[in-house]
Amino acid sequence: MKKLFPTSTAGSLPKPSWLAQPEQLWSPWKLEGEELIAGKKDALRVTLQEQDSAGIEIVSDGEQTRQHFVTTFIENLSGVDFENKKTVRIRDRYDASVPGIIGPVSRQKPVFVDDAKFLRSQTQQPIKWALPGPMTMVDTLYDDYYQDRKTLAFEFAKALNEEAKELEAAGVNIIQFDEPAFNVFLDEVNEWGIEALEIATEGLKCETAVHICYGYGIKANTDWKKTLGNEWRHYERTFPAIQQSSIDIISLECHNGRVPLEVLSLLKGKKVMVGAIDVATNDIETPEEVAATIREALKYVDADKLYPCTNCGMAPLSREVARGKLQALAAGAELVRKELSA
């Protein structure tokens, strides 16, 4: 990126109401068959137009063609049973009905590649594509086959690597792996989580990113945050090892949280996507609030390595609120650009 502070989103954006129930995770599709295929393409066009209109420089698919950031990829793998779901505790804080692993896991076909090709055909902007991270995938199902989290994560990583290479060939510029589990299972991150990411990114020539946040703005996550004390220091446990990894970009949550931003100094030399938009509130940030977060982060991150972003995905928000937040993100970044060029 030649422009200072290129803006992007962490991942999901609200779906149009004609495609799926708005402001709801895991919302079922309202269309079927060929209408659903066409509807997803229309939703990709809409979300791209809204990003462009807001002034977002690194665009994404807004996860318009998937119901959930993890399970849509999992359901396209062999060895997974979606018929006999079980209830498990996800991220140690809420229960969900999830599929199970009943045999060897492998990728049978491309999952998002056609969608990425279509998005590439619609824009000249850099594209970032999000995939679920191996550890977060492990934490979003039950495992009756491998019965070992590390082994399963490595198998998922191999499947992700196959998908990532085809996404790169389709014209994706940045491939991001979503790992909210990295803020929960801190010992496992250092023991095998980063190694799993290295398997997932092996051989890629495009830029790679890992997104580590405190989750969507749903009640289970906001309630959990209230238990974390006055300072959220999870990043201190994992950033030193991540800094030594081959991952190019680290995306994290900053605005309206209790993360001491000096932890960013642990990522020296890496590009950092600084979360400057709170996805857990309907309040729309002012450009000045966004600029203030960027200015604070600049104390620890070089200007040419700072990418303003959202804290997490915005699927549970209304389109109006999400649109306002994207506009604020772009306007806040422009304020700081002008200050540095004055």
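Below is a short write-up of the structure. (Residues numbered from 1 in each chain as written. Predicted model: local features only at pLDDT ≥ 70, side-chain atom pairs only at ≥ 80, totals over all residues. Heavy atoms only, no water.)

Things to note about the environment of Asn311
Stage number 1. Within the secondary structure, Asn311 is located in the loop between strand 9 (306-309) and helix 10 (319-341).
Stage number 2. Distance from Asn311 to Ile212, taken between C-alpha atoms, is 9.1 Å for residues 99 residues apart in sequence.
Stage number 3. In this structure Asn311 touches Ala10, His211, Cys213, Glu253, Cys254, His255, Gly275, Ala276, Ile277, Asp278 and Val279, once residues within four positions along its chain are discounted. (Helix = DSSP H or I, 4+ residues; strand = E, 2+ residues; numbered from the N terminus. Contact = heavy atoms within 4.5 Å.)

Structural notes on empty space enclosed by the protein
Gaps between atoms show up when a probe of the same size as a water molecule is rolled over them.
Stage number 1. One pass over the full model with this rule turns up 3 cavities of 30 Å³ or more.
Stage number 2. Of the pockets and cavities examined, the largest cavity occupies roughly 160 Å³.
Stage number 3. A class-by-class count of the residues in the lining of the largest cavity yields 9 nonpolar, 6 polar and 4 charged.
Stage number 4. For the second largest cavity, the calculated volume is near 90 Å³.
Stage number 5. Looking at the second largest cavity, the residues that line it are Leu13, Pro14, Pro16, Ala43, Val46, Thr47, Glu50, Gln64, Arg319, Ala322, Arg323 and Leu326.
Stage number 6. Elements represented by at least two residues in the lining of the second largest cavity include exactly helix 1 (33-54) and helix 10.
Stage number 7. Of the residues in the lining of the second largest cavity, the class split is 7 nonpolar, 2 polar and 3 charged. (1 Å grid on protein atoms, 1.4 Å probe; cavity = no way out; pocket = protein on both sides within 12 Å on 5 of 7 lines; lining within 4 Å. Points joined across faces, edges and corners; volume = space filled by probe spheres on them. Nonpolar A, V, L, I, M, F, W, Y, C, P; charged D, E, K, R; others polar.)

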